[in-house]
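Listed below, chain by chain, are the residues.
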Amino acid sequence: MAGKAKPVRCAAGRSGRLRSPSGGPTIVRIVRKREERESNMIKIAITGVIGSGKSTLSQCLRNLGYPVADCDAISHAILQPDQAGYKACVEAFGPAILEDQGRIDRAALGAIVFQDDARRRQLEAITHPLIQAELNRQAKASSSPLWFAEVPLLFEAGMEKQFDEIITVTAPLETILQRLQQGRGLSPQQARARMAAQMSQEEKSRRSTLTIVNDGDIPAMQDQIQQWIKEKQDGTESERRIPQ
Ligand SMILES: CC(C)(COP(=O)(O)OP(=O)(O)OC[C@H]1O[C@@H](n2cnc3c(N)ncnc32)[C@H](O)[C@@H]1O)[C@@H](O)C(=O)NCCC(=O)NCCS
Ligand SMILES: Nc1ncnc2c1ncn2[C@@H]1O[C@H](COP(=O)(O)OP(=O)(O)OP(=O)(O)O)[C@@H](O)[C@H]1O
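The protein is annotated in an unreviewed UniProt entry as Dephospho-CoA kinase of Holdemania filiformis. Turning to the protein, the UniProt annotation filed under Pathway (unreviewed entry) states: "Cofactor biosynthesis; coenzyme A biosynthesis; CoA from (R)-pantothenate: step 5/5."

Below, the structure written as structure tokens:
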């Protein structure tokens, strides 16, 4: 087991701009100020590449009592036969994506879209607006001061500006491939095909306000998020901003 990993954080400079932790280029803030928010709710996105540990982090947060919306679950729900995405997907992809009972076979749909970028974009054009609408509905319905949402394709779908904080979960590639094979039965080849359709871990991390490095056990990850929440609640965290 690796030692407790240190989250990477960006510290704000006095000018309202910030310097990257590596001393690299100055990056301009885009995170919304408290007074610019529609409500006092702080919206926090959880993102990361496939298998990095987003759902595991979400579960830690739920165990701590926080609401966490789940874009993968929403994307599954909208493909159910009586839901808005179903008809559009069947029209776009044809009967080859249907199981015997007429439900969408996600494995079959995945096999099509993760080997053809144009087909994947076609699916995303159907699903992303529906996912986005449901996410907004869930946020509006919540009264929690901290509201989390697991959004795997946050940056790829251009949704980052809707959040006040962005947490990227990262893990070493070999660990990810191993975990996905054991936990989800996804072959390294299938996992790599999905990763090829996603922004790199390094870039996601660079664009985030907090990186959680999931290279230890699950309690180690829970410690990292608990410490961050405590700093937020105590007001002892240094101001963090989202780089462009
Ligand atoms: C292609 C589908 C049918 C495959 O279903 P499946 O059950 O095998 O995977 P699941 O939905 O659980 O997704 C698991 C992971 O795959 C990756 N993934 C899913 N969709 C995409 C995509 N369009 N591009 C890149 N990676 C993706 C994400 O890391 C996600 O967390 C499904 O993922 C889907 O409908 N995707 C389009 C909607 C979408 O973009 N979902 C991501 C949430 S923002
Ligand atoms: N720290 C950890 N120690 C051991 N196993 C872990 C750890 N973090 C995650 N896992 C396991 O790795 C697999 C992938 O984790 P998880 O489902 O949380 O990732 P994800 O980013 O949500 O993946 P996806 O993009 O597929 O939704 C799961 O089987 C999970 O139980």
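Details of the site of ligand 1
Surveying the vicinity of ligand 1 reveals 21 residues, the closest of which are Asp-72, His-76, Arg-106, Glu-124 and His-128. The side chain of His-76 places a nitrogen or oxygen atom 2.8 Å from an oxygen atom of ligand 1. Between ligand 1 and the protein, one listed contact pairs a nitrogen atom with a side-chain N or O atom of Glu-124 at 2.7 Å. The protein chains hide 95% of the 780 Å² of surface that ligand 1 would expose on its own. Elements that contribute at least two residues to the shell around ligand 1 include exactly α2 (71-77), α4 (106-113) and α5 (117-141).

A few points about the UniProt feature "binding site: ATP" (unreviewed entry) in the protein
Residues annotated in UniProt with the feature "binding site: ATP" (unreviewed entry) correspond here to Gly-51, Ser-52, Gly-53, Lys-54, Ser-55 and Thr-56. One can find Gly-53 in the loop between β4 (42-47) and α1 (54-63). Not counting the four nearest positions on each side in its chain, Gly-53 is found in contact with Val-169, Asn-214 and Met-221. Setting aside residues up to four positions removed in sequence, Lys-54 forms contacts with Ile-46, Thr-47, Gly-48, Val-49, Glu-150, Pro-152 and Val-169. At 3.3 Å, the side chain of Lys-54 and the backbone oxygen of Gly-48 are in polar contact.

Calculation notes
Residues numbered from 1 in each chain as written. Chains lettered and ligands numbered in written order. Predicted model: local features only at pLDDT ≥ 70, side-chain atom pairs only at ≥ 80, totals over all residues. Heavy atoms only, no water. UniProt positions renumbered as here; feature names shortened; annotations may be inferred. Near = heavy atom within 4 Å. Polar contact = N/O pair within 3.5 Å; in protein donor to acceptor, adjacent residues only side chain to side chain. Areas by Shrake-Rupley, 256 points an atom, 1.4 Å probe, with all protein chains shown as cover. Helix = DSSP H or I, 4+ residues; strand = E, 2+ residues; numbered from the N terminus. Contact = heavy atoms within 4.5 Å.

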